[in-house]
Amino acid sequence: METVVFSCSEQDIACNGALLKRAGRILREGGTVIFPTETVYGLGANALDPSAADKIYLAKGRPSDNPLIVHISDMQMLDKVAKNIRPEAQRLMQRFWPGPLTLIFEKRPEIPHKITGGLETVGVRMPSDPIARFVIAEAGVPIAAPSANISGKPSITSAKHAILEMTGRVDMIIQSGDSTIGIESTVVDMTGELPIVLRSGQIGQSEILKAISSDEADYEAKCTRLRELLATLGAEHGAPKSPGMKYRHYSPEARLVILPSEEIGARLRQRMLDRSALSDEPSHSGEADNLFEDALQKELRLLSKERIRVLAIEGRAANYFGYGHSIGATASEIGKNLFATLRRMDEQKIELVLCEDLSRDFEGDEFASAIMERLEKAASKE
Ligand code: TXA
Ligand code: MG
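Residues numbered from 1 in each chain as written. Chains lettered and ligands numbered in written order. Predicted model: local features only at pLDDT ≥ 70, side-chain atom pairs only at ≥ 80, totals over all residues. Heavy atoms only, no water.

Participant: Explanation requested: empty space enclosed by the protein in the structure shown.
Facilitator: Over the atoms, a rolling probe the size of a water molecule traces out where space has been left empty. Scanning the model with the defined rule gives one cavity of 30 Å³ or more in all. Within this model, the largest cavity holds a volume of roughly 40 Å³. Top contributing element to the lining of the largest cavity by residue count: helix α13 (residues 366–379), with three residues. Tallied by class, residues from the lining of the largest cavity come to seven nonpolar, no polar and no charged. (1 Å grid on protein atoms, 1.4 Å probe; cavity = no way out; pocket = protein on both sides within 12 Å on 5 of 7 lines; lining within 4 Å. Points joined across faces, edges and corners; volume = space filled by probe spheres on them. Helix = DSSP H or I, 4+ residues; strand = E, 2+ residues; numbered from the N terminus. Nonpolar A, V, L, I, M, F, W, Y, C, P; charged D, E, K, R; others polar.)

Given below as structure tokens:
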């Protein structure tokens, strides 16, 4: 498949009008287009077309029953996609749209089951990226768009990675700047008694409850009720409610291990001791096996320095004997850098990535826990 690539910054929308219109036409007529959004790059197709999901998953390299998020450019489009929208949802849309929030509603019959993975519900999002909204408006139809990566790989947050990975797989790629948030949208179920976050993101569960609460007491009552609901939901539903979260995700080629920063430091120090002990006494291999019964420590000893990196918060990156790689100082910087950094590890042929557990650095920060959730998925082997 031939892929048209063109570059367009937010300031250039007017001068690139003709090309963006062409992107809209491709989408309307059944093609696939990769476009920027504020969260991650999306791989779009017409959400009213039953074959769109097949095209998207063919491009992503794996068949899937994973439900797709439907993107809209204005509130009129919402009525073509979803029904039974309650007042709390209206409040969330007023507060957070356009932006990194996906709301799950009952679907309209016009949305094919193939798009929703067979569900009677549909996830809807209005992105804030002006290029994304321009293209969706030009298409004139709602656009189904998962993250634009090959299935299982880290999401794509820069045009460079979209071009490297997806050229030949889609009809068009719109090359724009890096995604400003860098982590996918928060997915919130709006079909139950209270909005429940199914996939974390920049907007947290408490921010959502606050936005629909009349005052502090009402907010506290909602938090208590949510805990009760989550306890019963957890007991009744073994299956995850956001089906996409069960798949292997975000995985770099390198092995990724998350550890507290002190432990990374201790292991690297041990590695150096082990290596100097070995170079002094190269012949005692039996003893060495006992010394290195721990698999990770063994791996650390065997790999050359060039094949190991430590992903660390900016202030600590220098502590790791030259292995450190800063992923940013604040949660928002780290979110913005995360997926591109995982991809950079592969470009540099790193084999072992030790990543600092950042939960203590950003305690109570919901965006930081969304980042850690992505990292844990990337580190898991399932
Ligand atoms: O930020 C984003 O959301 C990006 C950009 C491109 O908009 N898109 C994205 O799509 O991350 P995708 O397909 O990679 O992830 C969709 C997530 C999955 O976890 C899926 O299970 C959930 O949304 N989802 C979609 N529709 C759903 C539904 N009807 N019920 C429950 N979960 C749903
Ligand atoms: Mg994805």
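Participant: Could you clarify how one ought to interpret the packing of aromatic side chains in this entry?
Facilitator: Ring pairs (aromatic) are described by centroid distance and by the angle formed between their planes. Inspection of the entire model under this criterion finds one aromatic pair. Directly above the aromatic system of Y323 lies the positively charged group of K305, at a separation of 5.0 Å from the ring centroid. (Phe/Tyr/Trp six-rings, centres within 6.5 Å; stacked < 30°, edge-to-face > 60°. Lys NZ or Arg CZ within 6 Å of the ring centre and 35° of its normal.)

Participant: What is the right way to read the pattern of salt bridges from this model?
Facilitator: A side chain of one charge can pair with a side chain of the opposite charge if their charged atoms are brought near each other. According to the stated counting rule, one finds 18 salt bridges in the structure shown. In this structure, E193 and R225 form a salt bridge, with 2.7 Å as the shortest nitrogen-oxygen distance. Remark: R225 occurs in helix α8 (residues 216–236) and E193 occurs in the loop between β10 (186–189) and β11 (196–199); sequence separation between them is 32 residues. Residue classification places E193 among the partly exposed positions, given a relative accessible area of 47%. Taken together, the shared-partner salt bridges in this structure form one network comprising E193, R225 and E228. (Salt bridge = Lys/Arg side-chain N within 4 Å of Asp/Glu carboxyl O. Buried < 20%, exposed > 50% of the residue type's maximum accessible area, 1.4 Å probe, protein only.)

Participant: Help me understand the side chain of S147 in this model?
Facilitator: As for its position among the elements, S147 is in the loop between β8 (143–144) and α6 (159–166). Of note is the side chain of S147, whose polar atom sits 2.7 Å from the side chain of N149. Once you skip the residues sitting within four places of it in the chain, S147 turns out to touch V40, Y41, L43, K60 and S155. (Polar contact = N/O pair within 3.5 Å; in protein donor to acceptor, adjacent residues only side chain to side chain. Contact = heavy atoms within 4.5 Å.)

Participant: Honestly, the sheet that holds strand β15 (residues 352–356) in this entry has me stumped. Any pointers?
Facilitator: What holds strands together in a sheet is hydrogen bonding between their backbones, with the strands either parallel or antiparallel. A sheet is described by the order of its strands in space; here four strands give the open sequence β12-β15-β13-β14, paired in parallel fashion. The strands lining the two open edges of the sheet, one partner per strand, are β12 (255–259) and β14 (324–326). Strand-to-strand twist in this sheet, taken as the mean axis angle between neighbours without regard to direction, amounts to 30°. Summarising the sheet, strand β13 (residues 308–312) and β15 pair through four bridges and their orientation is parallel. Within the sheet, the bridge partner assigned to V310 lies in β15 and is L354. Sheet strands in contact with helix α11 (residues 295–302) are β12, β13 and β15, and its direction is about 120° off that of β15. Sitting on the sheet, helix α12 (residues 331–347) is in contact with β12, β13, β14 and β15, with an inclination near 170° to β13. (Pairing = 2+ DSSP bridges. Axes fitted to C-alpha atoms, helices over the stretch in contact; angles between N-to-C directions.)

Participant: Quick question: what am I supposed to make of the environment of K381 here?
Facilitator: Structurally, the position occupied by K381 is in the segment after α13. Overall, the relative accessible area of 66% leaves K381 in the exposed class. For K381 and H113, which are 268 residues apart along the polypeptide, the C-alpha to C-alpha distance reads 30 Å.

Participant: Is there a simple way to think about the pairing of strand β6 (residues 101–107) in this case?
Facilitator: Each regular strand displays side chains that alternate between the two surfaces of the sheet. β6 sits mainly inside the fold: six of its seven residues count as buried. Pairing between β6 and β10: four bridges, direction parallel. Counted as the bridge partner of T102 is V187 from β10.

Participant: What exactly am I supposed to notice about the packing of helix α1 (residues 17–28) against helix α5 (residues 130–139) here?
Facilitator: Two measures define how a pair of helices packs: the angle their axes make with one another and the distance between the axes. Contact geometry for α1 and α5: axes closest at 7 Å, N-to-C directions at 55°. It follows from the interaxial angle that α1 and α5 lie oblique. The two elements α1 and α5 cross, and the hand of that crossing is right-handed. Touching G17, L20, K21, A23, G24, L27 and R28 of α1 are I131, F134, V135, E138 and A139, all from α5. Residue classes in the contact of α1 with α5 are distributed as seven nonpolar, two polar and three charged. (Parallel < 35°, antiparallel > 145°, perpendicular 65-115°, else oblique. Left-handed = near helix turned anticlockwise from the far one by under 90°.)

Participant: Please clarify how the environment of R86 should be interpreted in this entry.
Facilitator: Mapped onto the elements of the fold, R86 is located in the loop between β5 (82–83) and α4 (87–96). Through-space distance from the C-alpha of R86 to that of G192 is 10 Å; in sequence the pair is 106 residues apart. Excluding residues that lie within four positions of it along the chain, R86 makes contacts with M190, T191, G192 and E193.

Participant: What exactly am I supposed to notice about the pairing of β13 here?
Facilitator: The buried count for β13 comes to five of five residues, which makes it a mostly enclosed element. Going residue by residue along β13, you find I308, V310 and A312 tucked away on one face and R309 and L311 tucked away on the opposite face as well. Pairing between β13 and β14: three bridges, direction parallel. Each residue of the ladder has a partner; that of A312, found in β14, is S326.

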